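# Examination of the molecular architecture
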Amino acid sequence: METAHQENRLQNFSISFFAIVLGMVGFALALQRAEMVLHLSVSISAYVRYLTIALAAVISVIYLTKFIRYPGEVKKEFLHPVKINFFPIIAKILLIFSIIYLDLNMTVSKYLWIVGVVMQFLFTLIIMSVWIQNNKIELHHLNPAWFIPIVGNMIIPIAGVRHFSAELSWFFFSIGIIMWLALFVIVLNRIIFHHPLAEKLAPTLFILFAPPAIGFISYMKLTHSLDPFAKILYYIAVFLFFLVVLQFNLFRKIKFYLSWWAYTFPTAAMTLATLLMYRETSLSVFKVGAYLFLTVLSLFIVYLSYKTIKRIVKKEICVEEE
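Residues numbered from 1 in each chain as written. Predicted model: local features only at pLDDT ≥ 70, side-chain atom pairs only at ≥ 80, totals over all residues. Heavy atoms only, no water.

## Quick word on the overall build of the protein chain
The following threshold applies: Think of it this way: any DSSP run of H or I at least four residues long counts as a helix, any run of E at least two long counts as a strand, and we number them from the N terminus. Radius of gyration here is computed from C-alpha atoms only, and the compact-globule reference equals 2.2 Å multiplied by the residue count raised to the power 0.38. When accessible area is computed with a 1.4 Å probe and restricted to protein chains, residues below 20% of their type maximum are described as buried, those above 50% as exposed, and intermediate ones as partly exposed. Per-residue and other accessible areas were derived by the Shrake-Rupley procedure at a 1.4 Å probe size, with only the shown protein chains allowed to occlude residues. Counted as positive: Lys and Arg. Counted as negative: Asp and Glu, with His and the chain ends omitted from the count. To locate a charge, the coordinates of NZ of Lys, CZ of Arg, CG of Asp or CD of Glu are taken.
Looking only at helices and strands, the protein chain has 13 helices and zero strands in total. When the elements of the protein chain are put in sequence order from the N terminus, they spell out α-α-α-α-α-α-α-α-α-α-α-α-α. Taken over C-alpha atoms, the radius of gyration comes to 19 Å for the protein chain, in line with the 20 Å a tight globule of 322 residues would show. Referenced to the eigenvectors of the C-alpha coordinate spread, the extents of the protein chain come out at roughly 60 × 45 × 40 Å. A buried classification covers 53% of the 322 residues belonging to the protein chain. Carbon and sulfur atoms form 68% of the exposed surface of the protein chain, whose accessible area is close to 15,600 Å². Computed over 26 positive and 15 negative side-chain charges, the separation of the two mean positions in the protein chain equals 4 Å.

Structure (structure tokens):
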């Protein structure tokens, strides 16, 4: 009976588990950059990096086992109008690891980047084709998680400018920034003028400020200039952050889902963007902001880790969805 129960839990192991790894790798990168820019006296980024690698390995093995034993369930997730957008998270994880390893091991960074780029490009083409061809997608399926397949393209130049021709990085940045703007208008229209997001998807509102924050970092890597467009990207990210935080009562009322991990990576992106602004301007307001974002991110990681482990122990995760 117990074996059957375990198999059932494996069958219900969701692709959204990779959002945990994404949050952790974003946290590891934010810590690494904070230690460099803010000259923190305590250095723990290496430990977080190793923990994240172990976590990524465990989740990958479990999901690969699910793919081997229940390929139909994986296919069902890939054809799901919401869950399909979580598959490119795997490519984003590799791309962020490639950024982390830029100053640690250039060879490792390059291979991670190459695999991440190929996966990101294929996921972008395939998922956008599904969007176009799938006549079962309806307006209520639309939510900020749809940014995930697009935003990965804007991560590519961050390490890409050191691994390959800048023209390739400009290619992916162009895809990311233009498609984000198009989707942003559609998603905003859906949020304002139509039914509220389902409770389970409410945390994805945090994803709203991730694209401009990442776009700002990517654009700075491409141009090496804090020009007006760079500032527009950063400040719209800051505005969207405050707008989302203002919806505190909405987040406070919802029960725990794995989607809560959507709080982490966007906050990591804001931390990294603010650290970059401080490095470029030396203004103390950005230094204070970087500390605040890093503190909030750390609290999110600790709290969500506790909640997730608690739910796993109680066997309330990996159950059949209602």
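## Remarks on the environment of Leu-29
As a reminder, the rule being used: Residues count as neighbours in contact if any of their non-hydrogen atoms are within 4.5 Å of one another.
Relative to the assigned elements, Leu-29 resides in helix α2 (residues 18-37). Expressed as a C-alpha distance, the spacing of Leu-29 and Glu-280, which sit 251 residues apart in the sequence, is 18 Å. Excluding anything up to four places from it in sequence, Leu-29 contacts Ile-96, Ile-99, Ile-100 and Leu-272.

## A word on the packing of aromatic side chains
Keep this limit in mind: Only the six-membered ring of Trp is used, alongside the rings of Phe and Tyr, when aromatic pairs are assigned; centres must lie within 6.5 Å, and planes under 30 degrees apart are stacked while those over 60 apart are edge-to-face, with the rest tilted. Sitting over a ring, as applied to charges here, requires NZ of Lys or CZ of Arg to be within 6 Å of the ring centre and within 35 degrees of the ring normal.
Under the defined criterion, the tally for this structure stands at 27 aromatic pairs. Judged by centre distance (6.5 Å) and plane angle (85°), the rings of Trp-170 and Tyr-219 are edge-to-face. Taken as a pair, Trp-170 in helix α8 (residues 166-193) and Tyr-219 in helix α9 (residues 210-223) lie far apart in primary sequence, 49 residues in all. The exposure class of Trp-170 is partly exposed, given its relative accessible area of 31%. Through a chain of ring-to-ring contacts, three or more aromatic side chains come together here, namely Phe-206, Phe-209, Phe-241, Phe-242, Trp-260, Tyr-263, Phe-293, Phe-300 and Tyr-303. Lying over the aromatic face of Tyr-50, Arg-49 brings its terminal NZ or CZ to 4.8 Å of the ring centre.

## Let's talk about the environment of Gly-215
Here Gly-215 shows up in helix α9. It is 25 Å that separates the C-alpha atoms of Gly-215 and Leu-197, two residues lying 18 residues apart in sequence. If we ignore the near neighbours within four places in the chain, the residues touching Gly-215 are Met-154, Phe-173 and Leu-233.

## Some words on the nonpolar core
Rules: Buried Ala, Val, Leu, Ile, Met, Phe, Trp, Tyr and Cys residues that are joined via side-chain atoms within 4.5 Å together make up what is termed a nonpolar core.
Ranked by internal contacts, the top residues of the largest apolar core, which has 115 residues, are Phe-147 and Phe-216. Counting residues per element, this core draws most heavily on α2, which supplies 14 residues. Excluding anything up to four places from it in sequence, Phe-147 contacts Trp-180, Leu-183, Phe-184, Val-187, Ile-207, Leu-208 and Pro-211.

## Focus: the packing of α8 against helix α10 (residues 228-245)
To be explicit about the condition: Between N-to-C directions, angles cover 0 to 180 degrees, with each direction set by a line fitted to C-alpha atoms, over the stretch in contact for helices. Angle categories are assigned with fixed cut-offs, so that under 35 degrees is roughly parallel, over 145 is roughly antiparallel, 65 to 115 is roughly perpendicular, and the rest are oblique. By definition, turning the near helix anticlockwise from the far helix through less than a right angle yields a left-handed crossing, and turning it clockwise yields a right-handed one.
Direction vectors running N to C along α8 and α10 enclose 40°, while the axes themselves pass 15 Å from each other. By the angle between their axes, α8 is oblique relative to α10. Pair α8 / α10 crosses with left-handed handedness. For the pair α8 and α10, contact is made by Phe-173, Ile-177, Trp-180 and Phe-184 and by Phe-229, Leu-233 and Leu-240, respectively.

Limitation: the analysis is restricted to geometry and does not speak to function.
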